[in-house]
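# Notes for the structure review
So you can see what is in the structure, the chains are spelled out below.
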Amino acid sequence: MTTREEALAYGMSFRNAYTDRPFHDDNWVLVRCKKNKKAFLWTYEYEGQMRINIKTDPEWRDFWRDAFPAVLPGYHQNKEHWNTVILDGTVPDETLKKMIAESYELVAGRKNSVPKTRRAE
């Protein structure tokens, strides 16, 4: 996953997800949950690189940051709960999908969690 389109397509595959451009700036495209309007995936270009911000469980935050140089503390967000991932191809797609799915679960709540068929991804 190296493009905004790929990240957005995966984010939109979750139940009750929709895109939003809250800053009236085409550089910032978010994917939110319809029920609570909370964003679980932020996409934007910064310093010539496509990036995503995703919510993370604080217990896993440092694991992801240590495992991949492309995973950084959340840009313009709470560094304890959010990670930024540079979409440069160094984080495997399966790992990115797992991280995005976790972000969705954290934002949507357990009742709207990822269907069993998606958890294997």
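Look a little higher up for the structure.
Criteria and cut-off values
Residues numbered from 1 in each chain as written. Predicted model: local features only at pLDDT ≥ 70, side-chain atom pairs only at ≥ 80, totals over all residues. Heavy atoms only, no water. Salt bridge = Lys/Arg side-chain N within 4 Å of Asp/Glu carboxyl O. Helix = DSSP H or I, 4+ residues; strand = E, 2+ residues; numbered from the N terminus. Buried < 20%, exposed > 50% of the residue type's maximum accessible area, 1.4 Å probe, protein only. Core = buried A, V, L, I, M, F, W, Y, C linked by side-chain atoms within 4.5 Å. Pairing = 2+ DSSP bridges. Axes fitted to C-alpha atoms, helices over the stretch in contact; angles between N-to-C directions. Arc of directions from axis to C-beta. Phe/Tyr/Trp six-rings, centres within 6.5 Å; stacked < 30°, edge-to-face > 60°.

A separate point is the pattern of salt bridges. Tallied over the full model, the rule gives four salt bridges. A salt bridge links Arg 32 to Asp 20, with the nearest nitrogen and oxygen atoms 2.7 Å apart. Taken together, the residues Arg 32 in strand E2 (residues 29-33) and Asp 20 in strand E1 (residues 17-20) connect sequence positions twelve residues apart. Accessibility expressed as a relative area gives 16% for Arg 32, which makes it buried. Look at Asp 20 and you get partly exposed, because its relative accessible area is 23%. Residue Arg 21 pairs with Asp 26 through a salt bridge whose shortest N-O separation is 3.6 Å. With a relative accessible area of 61%, Asp 26 lands in the exposed category.

So, on to the nonpolar core. The biggest cluster of nonpolar side chains holds 29 residues, and the ones touching the most others in it are Phe 14, Phe 40, Ile 52, Val 85 and Ile 100. Per element, the largest residue contribution to this core is seven residues, and it comes from helix H3 (residues 93-108). With six residues, the next largest nonpolar core counts Leu 30, Ala 39, Tyr 44 and Trp 82 among its residues.

Attention now moves to the sheet that holds strand E4 (residues 49-55). In spatial order, the strands read E1-E2-E3-E4-E6-E5; together these six strands make up an open sheet with antiparallel pairing. In this open sheet, the two edge strands, each paired with only one partner strand, are E1 and strand E5 (71-73). Geometrically, the sheet is characterised by an average inter-axis angle of 25° between neighbouring strands, direction not taken into account. Relative to strand E6 (residues 82-86), E5 runs antiparallel, the two sharing three bridges. Note on E6: the bridge partner recorded for Leu 72 is Thr 84.

Glancing now at helix H1 (residues 4-11). Of the residues making up H1, those classed as buried are Arg 4, Ala 7, Leu 8, Tyr 10 and Gly 11. For H1, the angular spread of buried residues about the axis comes to 160°, placing them on one side. Residues of H1 that are exposed and point over 90 degrees away from its buried face: Glu 5 and Ala 9.

Geometrically, a pair of aromatic rings is defined through the distance of the ring centres and the angle of the planes. If you walk through the whole model with that rule in mind, you get 16 aromatic pairs. Here the aromatic rings of Phe 23 and Trp 28 are separated by 5.8 Å at their centres, their planes lie at 85°, and the arrangement is edge-to-face. For Phe 23, a relative accessible area of 43% gives the class partly exposed. The exposure class assigned to Trp 28 is buried, which follows from its relative accessible area of 14%.

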